[in-house]
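An overview of the molecular structure
Residue-level listing of the chains:
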Amino acid sequence: MNYIRVVVFSIVICGSWSIEQLKFPPSFMFGAASAAYQVEGGWNASDKGISMWDKFLHDRPELVADRNNGDVACDSYHLWRRDIQMCEELGLNMYRFSISWPRLLPSGYPNYISEDGKNYYNNLIDGLLEKGIQPLVTIYHFDLPLSLQDLGGWANPLVADWFADYAEVVFSLYADRVKYWLTLNEPYIQCDGGYGTEAAPFLQDAMLGRYLCNKNVLLAHAKAYRLYEELYRDKYHGKVSLSTLFFWFKPSAPEDQEVTDLTIDHWQGRYAHAIFSKEGGWPRKLQKLLNDNAKKEGYSHPRLPPFTPEEIELVRGTFDFYALNHYTTRRVRRVRLGEPPGKWFFDGSDELNTIMFKDPTWPNTSIHWFALYPQGLREQLNWLNSTYDVKEIIITENGVPSLDPGLVDTQRIEYYRSYLEQVLLAINDGINVTGYTAWTLMDNFEWLSGYIAKFGLYAVDFSQPNRTRTPRESARCYSSVIRTRMIHPTQDSTKLNYV
Ligand code: NOJ
């Protein structure tokens, strides 16, 4: 379906919505997102240090579907002006990108700050601001300096201080201009994936490593937040949070509600409860279950490393908004007698004895576990709003992959339309969603899927030395949403009657 047809089609079917309900508030920030390792390239440009992703993918190309890596990626290290131009073409209010720790601090420590690294991000930030686009900066998006990984990385408790030192440099250089900060991106993938098979450092230590990492990322985030609070908040009035990946989960049958709640805590509560709940610390029921598992298996230490009362206070309340990465929804059920739990982490958990699956009635995408269930986003926003005391939510990732490199991306157009519709419905429910950054500005290095899975509003030709970027149909539709501040809902009344 071409763009004109999409717009005409949509205008005709506005249903029973009032014009006010169809509109995003004037202050709503539309954006797009990216991350350093996925777009920058320039892996050894100037004095950049080596990240753990550089090292692991050079040593083990077979880990990636197309045996590729982020050495050049979209070459944003050189083509950042074009990236800003694309943000401008789309009419974005906000661009989310991450800083590469080893690019800024080649040794991993603040003993030496790279001039070129510093200037790269200065140029990007200044260039965006010149066009009236707010930078939303992620301080860490998976690319730990190898020097720190060699000392145990995220499983070493010292990492919280290493991270705080790095964050202090970042704030000191850029906090005068950057008003929105994310300390860390998706600690679930960082820890559960990194101490599994899905992300660097691929350590496959699901029983201990991922839980040490879990506690350390919470402390790292909190230390960086407290630092901002103490030294920069009064001067620059910025906002700080961390982004969590949260698939929404629904029970397979009513009797699976309890195990679904535990799944939500396993994915979400382990990384959010300590920060966003009133009581702080680990989610209680889950903590008990995991620690019982450890005991049964003969471990002498609890799975979830306990917090001291001081640590609970350090972490509790370290947020100025909630940052949500939402992609899809999974059904959850307990395993049946003799049935093994789902193996891959999107398919279930051996800790909880669950199977997770895609509801057969939800439309498919080209990726087997990724179904379309837009209502899940609204349900999740309502859950977040009632579970935690959050006053503001920004959706920091939302998007759909395809395997088709072409420019006519009908499914992505419908994905954004239907998910944005749910954002509007959530706003009408009274939830203060203030921004949305689509994943992603352009096709990029999609981790273990290499360059095969495409999430971009812009297609990138990776066979060309200048990595030509071309807008897809979805880019034109998204920019029209931004310009008009409107989406056009379907007439399906069931979607309008949620809550
Ligand atoms: C989440 C991650 O933050 C991002 O790096 C990744 O590319 C997208 N999800 C899509 O998988």
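Residues numbered from 1 in each chain as written. Predicted model: local features only at pLDDT ≥ 70, side-chain atom pairs only at ≥ 80, totals over all residues. Heavy atoms only, no water.

Within an unreviewed UniProt entry, the label attached to the protein reads Myrosinase 1-like, and the organism entered is Mythimna separata. If you open the UniProt record of the protein and go to Subunit (unreviewed entry), you find "Homodimer." The protein has a UniProt comment under Sequence similarities (unreviewed entry) that states "Belongs to the glycosyl hydrolase 1 family." (UniProt positions renumbered as here; feature names shortened; annotations may be inferred.)

Mean pLDDT over the protein: 93, with 94% of residues reaching 70 or higher. Taken together, the stretch residues 1-15 has pLDDT below 50 and engages in 20 contacts with residues farther than four places along the chain or on a different chain. Scored below 50 in pLDDT, residues 491-499 shows 20 contacts in the model against residues more than four places distant or in partner chains. (pLDDT = per-residue confidence, 0-100. Contact = heavy atoms within 4.5 Å.)

This part is about the environment of Leu63. For Leu63, the location among the structural elements is in the loop between α3 (52-59) and α4 (76-90). Linking Leu63 and Glu198, residues 135 residues apart in sequence, is a C-alpha distance of 9.1 Å. When neighbours within four sequence positions are excluded, Leu63 is seen to be in contact with Leu57, Phe202 and Leu448. (Helix = DSSP H or I, 4+ residues; strand = E, 2+ residues; numbered from the N terminus.)

Around the ligand, the neighbouring residues are Gln38, His141, Asn185, Glu186, Tyr327, Glu397, Trp439, Glu446, Trp447 and Phe455. Here His141 contributes a side-chain N or O atom positioned 2.9 Å from an oxygen atom of the ligand. In this structure, an oxygen atom belonging to the ligand sits 3.4 Å away from a side-chain N or O atom of Trp439. Here the ligand loses 89% of its free accessible area of 300 Å² to cover by the protein chains. The cavity that encloses the ligand is the largest pocket. Partitioning the shell around the ligand into residue classes produces four nonpolar, three polar and three charged. (Near = heavy atom within 4 Å. Polar contact = N/O pair within 3.5 Å; in protein donor to acceptor, adjacent residues only side chain to side chain. Areas by Shrake-Rupley, 256 points an atom, 1.4 Å probe, with all protein chains shown as cover. 1 Å grid on protein atoms, 1.4 Å probe; cavity = no way out; pocket = protein on both sides within 12 Å on 5 of 7 lines; lining within 4 Å. Sits in = over half its atoms within 2 Å of the grid points. Nonpolar A, V, L, I, M, F, W, Y, C, P; charged D, E, K, R; others polar.)

What follows covers the pattern of salt bridges. Going through the model one piece at a time under the given rule, you end up with 33 salt bridges. A salt bridge links Arg233 to Asp320; the nearest nitrogen and oxygen atoms lie 2.8 Å apart. With Arg233 in helix α11 (residues 233-236) and Asp320 in the loop between α14 (309-315) and β7 (322-325), the pair connects residues that are 87 residues apart, well separated along the chain. With relative accessibility at 22%, the residue Asp320 sits in the partly exposed group. Between Arg331 and Asp359 there is a salt bridge; the shortest N-O distance is 2.6 Å. Placement of the pair is Arg331 in strand β8 (residues 329-334) and Asp359 in the loop between β10 (354-357) and α15 (375-387), with a sequence separation of 28 residues. Per residue, the accessibility class of Arg331 equals that of Asp359, and both read buried. (Salt bridge = Lys/Arg side-chain N within 4 Å of Asp/Glu carboxyl O. Buried < 20%, exposed > 50% of the residue type's maximum accessible area, 1.4 Å probe, protein only.)

The strand order β6-β8-β10-β9 describes an open sheet built from four strands, whose pairing is mixed. At either margin of the open sheet sits one strand with a lone partner, and together these are β6 (248-251) and β9 (348-349). The strands touched by helix α12 (residues 257-276) are β6, β8, β9 and β10; relative to β6, the strand with the most contacts, the crossing angle is about 165°. Lying on the sheet, α15 is in contact with β6 and β8; it crosses β6 at an angle near 95°. (Pairing = 2+ DSSP bridges. Axes fitted to C-alpha atoms, helices over the stretch in contact; angles between N-to-C directions.)

Note on helix geometry: an α-helix contains 3.6 residues per turn, so any two residues three or four positions apart are oriented the same way. Compared with the 18 Å implied by 1.5 Å per residue over 13 residues, the 18 Å span of α15 between its first and last C-alpha is a close match. Residues of α15 that are buried include every one of Gly376, Leu377, Arg378, Glu379, Gln380, Leu381, Asn382, Trp383 and Leu384, and no others. (Expected span 1.5 Å × (residues − 1).)

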